[in-house]
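# Overview (structure and organization)
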Amino acid sequence: MTGPIGYYVHHQGRGHLHRAQCVAAHVPAPVTLLSSLPRPADWTGPWVALPPDTTDDPVDPTARGRLHWVPCHHPGHRERMGAIAEWIGRETPSLFVTDVSVEVAVLARLMGVPVVVTAMRGDRSDPAHRLAYDLADALLAPWPRSLPEPGWPAPWYDKTLHTGSISRFDGRPRPATAPPGNEVVVLMGAGGTGPTASALREARRATPDWTWTVLGGEEAAWTDDPWPLLCRARVVVTHAGQNAVAECAAAGAPTLVVPQDRPHGEQHATARALRAADLATVRESWPPAHAWPALLEETAARPNRWSAWTHGDGATRAARLLTDLASRSPRQPVCAAR
């Protein structure tokens, strides 16, 4: 191995960061995280703070449909890509992981660094995703091989490692305290959108025998450690983001999944996979108030089949792949599908 591993972390929500930290903890080589997120207090490894590149008035941000986000004449974007390039030039990494950015994957590969791309569900047939997935040395798919994403070309499958879900709670002991009773935990997360405050109030009023605890969103408290709440909940209600589903799976929680609209239909694709395997109750949109009493009872009675989604060692599997790729000869073929 000639250099460290670079790991780009997208700033939307907290799931990408949690996953990166889980995987990096099992990699023996130095791992540098690069992100515009605030550096977490519990991250002790190298960190490169990237400038933000958001703008409300971008100029040709997709390069006429070939990429996802390359706004012209944007100083933040230029500085951001320059900081990544400067780190690559200085540190000469043996491998670069993106979770997720097509443009960062392309930049690293243009600089001669092997690339691993964290795959996402949904329709990734657009030119930008095809470019990133095609040039990647390997794809990391944080879902089980038994529930593949349909429609992928064979070359993508051939270099994909399906890890099962990756959660920061994998292997964590459950709290010893007894569950308090009928509690609904709504896991909304730190990014994206969710049910409105009025929709939550209507659901509460329709279920007077249940206690509702809401985590995240615009009007609820955020907690850095939802594990005890997930373990004691009789039902968890969440969106279909990869990290949220992974945390429910780690807790073995009876879960109602309501996918949110995302680019490329990511969450709806995850919801379809969960429904196909009968792992969670799935509703395509937030249910009306009158449906909640029966829906909560239906979900609470659901048997725990989450072992079909999580192997419990997804981060270890991913770390093993990164270690193998970082130490191999550039002329060795990639064999990730295992």
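Before reading on, note that the structure itself is shown above.
Residues numbered from 1 in each chain as written. Predicted model: local features only at pLDDT ≥ 70, side-chain atom pairs only at ≥ 80, totals over all residues. Heavy atoms only, no water.

## With respect to the packing of aromatic side chains
Tallied over the entire structure, the rule returns nine aromatic pairs. Ring centres 6.0 Å apart and planes at 70° place the aromatic pair Trp 143 and Trp 152 in the edge-to-face group. With respect to class, Trp 143 is no different from Trp 152; both count as buried. Seen from their ring centres, Phe 169 and Trp 227 are 5.0 Å apart, and the 40° between their planes marks the pair as tilted. Of the two residues, Phe 169 is situated in the loop between strand S7 (160–162) and strand S8 (183–189) and Trp 227 in helix H7 (residues 227–232); the sequence distance between them amounts to 58 residues. Assessed through its relative accessible area of 3%, Phe 169 is described here as buried. A relative accessible area of 2% places Trp 227 in the buried class. (Phe/Tyr/Trp six-rings, centres within 6.5 Å; stacked < 30°, edge-to-face > 60°. Buried < 20%, exposed > 50% of the residue type's maximum accessible area, 1.4 Å probe, protein only. Helix = DSSP H or I, 4+ residues; strand = E, 2+ residues; numbered from the N terminus.)

## Brief notes about the nonpolar core
Side chains of nonpolar character tend, in soluble globular proteins, to be buried together. The biggest cluster of nonpolar side chains holds 56 residues, and the ones touching the most others in it are Ile 84, Phe 96, Tyr 133, Val 236, Leu 274, Trp 306 and Trp 309. Counting residues per element, this core draws most heavily on helix H3 (residues 102–110), which supplies six residues. Apart from residues lying up to four places away in sequence, Trp 306 is in contact with Val 245, Cys 248, Ala 249, Gly 252, Ala 253, Thr 255, Leu 274, Leu 279 and Ala 280. (Core = buried A, V, L, I, M, F, W, Y, C linked by side-chain atoms within 4.5 Å. Contact = heavy atoms within 4.5 Å.)

## Some words on the sheet that holds S7
Where strands meet in a sheet, backbone hydrogen bonds hold them as pairs that are either parallel or antiparallel. With parallel pairing, seven strands are arranged side by side in an open sheet as S3-S2-S1-S4-S5-S6-S7. Of all strands in the sheet, those bounded by a partner on one side alone are strand S3 (47–49) and S7. The average angle at which neighbouring strand axes cross in this sheet is 20°, direction not considered. As defined by bridge partners, strand S6 (residues 138–141) adjoins S7 across three bridges and the pair is classed as parallel. Within the sheet, the bridge partner assigned to Leu 140 lies in S7 and is Leu 161. On top of the sheet, helix H2 (residues 75–91) reaches strand S1 (5–9), strand S2 (31–35), S3 and strand S4 (95–99); it is set at about 165° to S1, its chief contact. (Pairing = 2+ DSSP bridges. Axes fitted to C-alpha atoms, helices over the stretch in contact; angles between N-to-C directions.)

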